[in-house]
Amino acid sequence: MAATWNAEDESDLDRLPFPTVGVPMTKLAAVMRAAFAVFSGRPLQQGYVNSRASRVAVRRAVAELEPDLIYFNTLRSGQWRKVVRDTPARMAIDLDEFRSAYYQQASEVSTILKRLVMKMEARRMRAEEAKIVAEFEAVIISSPADLRPEHSNVHLVRSPHALKTAHRPVPLADRPTIVFVGRMSYAANVEAVTRFCRDVLPAVRQQVPEVQLEVVGDAPTKAIRSLADGHVRVHGRVDSVDEHYLSAWLSIVPVTTATGVQMKLIESLELGVPTVASPLVASLAGARAGVDVAVADTADEWIEEVVRLLESPMERQELGRSGKAWARQNYSVDSITRALGAALLEPRSAAQHTAAE
């Protein structure tokens, strides 16, 4: 079962290799449900999709199929376990991440009204996540930072990523080039690039005068577009980010507000591009600092790492080689398939994983 918001969503379901029931939803009704959830005590994320049609569709599908396993996707759909709690089927959920952490982070950098809403949502989502961990036989997350040793039913299954097997040779840019790739309407990306251009790039230019920053990503905001000058180029949506990665001397991920794994980091590493990231981004992915990815926290550390790598081809080559090997080991189809099989085929009972509580 999947929610559909427009004709394009419904068409996409028809192309799936397995039968899928679409439940039509409208944005207005979803917003009204989320508003009502403010008073009901449930997370707004769950209220947003909790239509009567969706509950009926889940109940009907389970009754007709009599499955051995029911697989829920994200915290939004986890609420529907209550609709089918009497089924003997095992239940698993792919949370991807404990999203309450994102709302907590966002509440610390938002406007006053938004801060209140974010704090409320973070609190409600933490409570719901705790219930999910206690009630589901298998809980899947994609970041090793979200593993909970005290709960044996929480499994690490990294997000599927289509590793590239071959590339058309792309020469390095003639001048020292740094690349940042990401959706440029996303607040965390905008903040990261703006801060890098303000606090890091000017000092780097003093030591590497020809350095150029390429900002690649859809829908750059006015603030990002205003950064463009002789040393910063801003691109919007591109057909492929590969050439931008492969021609760069260095890739950066200076994001400091994040949960889960930043796929921009995985893309960069698997292409063999030497990468500098914030400690948060590296730790969420489980990449080895200083081995698979260079890590910098303060502005001075960023300046030091970027300059060091731009001036040392051998160090860039070694860092790129190690990062590529790490990404291909952890994001191969075989590795992800084995992890998913272990999570779904060997579930523990709720009694087992709550015994330690």
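Before reading further, recall that the structure is shown in the block above.
All residue numbers here refer to positions counted from 1 along the written sequence of the relevant chain. With pLDDT at 70 or above as the cut-off, local features in this predicted model cover only qualifying residues; side-chain atom pairs require 80 or more to be listed or tallied, and sums for whole chains, interfaces and linings still use all residues. Based on all heavy atoms of the structure, the side-chain values leave hydrogens and waters out of the count.

Asks: Can you help me understand helix α7 (residues 112–135) in this one?
Replies: Because an α-helix packs 3.6 residues into every turn, residues spaced three or four apart end up facing the same way. Secondary structure elements are taken from DSSP: a helix is a run of H or I of four residues or more, a strand is a run of E of two residues or more, and numbering for both begins at the N terminus. Helix span is expected to be 1.5 Å times the residue number reduced by one. Under the 1.5 Å per step criterion, the end-to-end length of α7 is 35 Å for 24 residues, consistent within 8% with the ideal 34 Å. With a 1.4 Å probe rolled over the protein chains alone, any residue whose accessible area is under 20% of its type maximum counts as buried; one over 50% counts as exposed, and the rest are partly exposed. Turning to α7, its buried residues number three or more, namely Met-118, Met-120, Glu-121, Ala-122, Arg-124, Met-125, Glu-128, Glu-129, Ile-132 and Val-133.

Asks: I tried to follow unusual backbone geometry on my own but got confused; where do I start?
Replies: Comment: phi is negative for the bulk of residues other than glycine, and the bulk of peptide bonds are trans. Its identity as a non-glycine residue notwithstanding, Glu-66 has a phi of 45 degrees, on the positive side. Taking the relative accessible area as the measure of exposure, Glu-66 reaches 64% and is therefore exposed. The backbone phi angle of Ala-219 is positive, close to 55 degrees, even though this residue is not glycine. A relative accessible area of 36% means that Ala-219 is categorised as partly exposed.

Asks: Could you clarify how one ought to interpret the packing of helix α6 (residues 100–107) against α7 in this entry?
Replies: For any two helices packed against each other, the geometry comes down to the angle between their axes and how far apart the axes lie. Note on method: axes are straight lines fitted to C-alpha atoms, helices fitted across the in-contact stretch only, with angles between N-to-C directions ranging 0 to 180 degrees. Direction vectors running N to C along α6 and α7 enclose 160 degrees, while the axes themselves pass 8 Å from each other. Considering the angle they form, α6 stands roughly antiparallel to α7. α6 and α7 meet at a crossing whose hand is left-handed. Between α6, through Ser-100, Tyr-103, Gln-104, Ala-106 and Ser-107, and α7, the contact on the second element is made entirely by Arg-115, Met-118, Lys-119, Glu-121, Ala-122, Met-125, Arg-126 and Glu-129. Roughly parallel refers to an angle under 35 degrees, roughly antiparallel to one over 145, roughly perpendicular to one between 65 and 115, and oblique to any angle outside these ranges. Two helices that cross are described as forming a left-handed crossing if the nearer one is turned anticlockwise from the farther one by less than a right angle, and a right-handed crossing if clockwise. Pairs of residues are marked as contacts when any of their non-hydrogen atoms sit within 4.5 Å.

Asks: Would you mind going over the sheet that holds strand β11 (residues 275–277) with me for this structure?
Replies: What holds strands together in a sheet is hydrogen bonding between their backbones, with the strands either parallel or antiparallel. A sheet is described by the order of its strands in space; here six strands give the open sequence β9-β8-β7-β10-β11-β12, paired in parallel fashion. Both edges of this open sheet fall to β9 (232–235) and β12 (294–295), since each of them pairs with a single strand only. Examined bridge by bridge, β11 and β12 share two bridges and lie parallel to one another. Along β12, the bridge assignment pairs Val-276 with Ala-294. Pairing between strands is defined by DSSP: at least two bridges between the two strands are required.

Asks: Teacher, can you tell me more about the environment of Ala-89 here?
Replies: Relative to the helices and strands, Ala-89 resides in the loop between α5 (74–78) and β4 (90–96). The exposure class of Ala-89 is buried, given its relative accessible area of 9%. In the structure, Ala-89 is positioned 23 residues away from Glu-66 in sequence and 7.7 Å away in space, judged by C-alpha atoms. Leave out the neighbours within four places in its chain, and Ala-89 touches Pro-67, Asp-68, Leu-69 and Ile-70.

Asks: Would you mind going over a nonpolar patch on the surface with me for this structure?
Replies: On the surface, Ile-112, Leu-113, Leu-116 and Val-117 cluster together into a nonpolar patch covering about 430 Å² of accessible area. Of note, Val-117 is situated in helix α7. Overall, Val-117 belongs to the partly exposed group, its relative accessible area being 36%. Patch membership requires more than 30% relative accessible area and the absence of a salt bridge. Residues of like charge join within 9 Å; the nonpolar side chains Val, Leu, Ile, Met, Phe, Trp and Tyr join within 5 Å. Here the Shrake-Rupley method, with its probe set to 1.4 Å, supplies the accessible areas, and only the displayed protein chains count as covering residues. By definition here, a salt bridge exists when the distance from a side-chain nitrogen of Lys or Arg to a carboxyl oxygen of Asp or Glu is within 4 Å.

Asks: Help me out: how do you make sense of a negative patch on the surface in this one?
Replies: This count recognises Lys and Arg as positive and Asp and Glu as negative, with His and chain-terminal groups excluded. Every charge is mapped to an atom, namely NZ of Lys, CZ of Arg, CG of Asp or CD of Glu. Judged by side-chain charge, Asp-297, Asp-300, Glu-301 and Glu-304 come together as a negatively charged surface patch. Tracing the backbone through its elements, the reader meets Glu-301 in helix α14 (residues 299–310). With relative accessibility at 35%, the residue Glu-301 sits in the partly exposed group.

Asks: How do you make sense of the side chain of Asp-292 when you look at a structure like this?
Replies: Within the fold, Asp-292 resides in the loop between α13 (279–285) and β12. Asp-292 sits in the buried class, given a relative accessible area of 0%. Pairs of N or O atoms within 3.5 Å make up the polar contacts considered here, provided that, within protein, one atom can donate a hydrogen while the other can accept it, and that residues adjacent in sequence are counted only when both atoms are side-chain atoms. A distance of 2.8 Å separates polar atoms of two side chains, one belonging to Asp-292 and the other to Arg-288. Among the polar contacts listed, one links the side chain of Asp-292 to the side chain of Ser-322, at a separation of 2.9 Å. Ignoring anything within four residues of it in the chain, the contact list for Asp-292 reads Leu-269, Ala-287, Leu-319, Ser-322, Gly-323 and Trp-326.

Asks: Where do I start with the environment of Pro-313 in this structure?
Replies: The residue Pro-313 is located in helix α15 (residues 313–330) in this model. Distance in space between the C-alpha atoms of Pro-313 and Trp-249 is 8.8 Å, their sequence separation being 64 residues.

Asks: Whenever I open this one, the pattern of salt bridges confuses me. Can you help?
Replies: Think of it this way: side chains of opposite charge can pair up when their charged atoms draw near. Applying the stated criterion across every chain yields a total of 13 salt bridges. Put simply, Arg-15 and Asp-12 hold a salt bridge, and the shortest N to O gap is 2.2 Å. The exposed category is assigned to Arg-15, whose relative accessible area is 60%. Using a relative accessible area of 32% as the deciding quantity, one classes Asp-12 as partly exposed. Between Asp-218 and Arg-237 there is a salt bridge, with its nearest N and O atoms 3.1 Å apart. Here Asp-218, found in the loop between β8 (212–216) and α10 (222–225), pairs with Arg-237, found in the loop between β9 and α11 (242–247); they are 19 residues apart in sequence, far enough to count as distant. Its relative accessible area of 30% is what places Asp-218 among the partly exposed residues.

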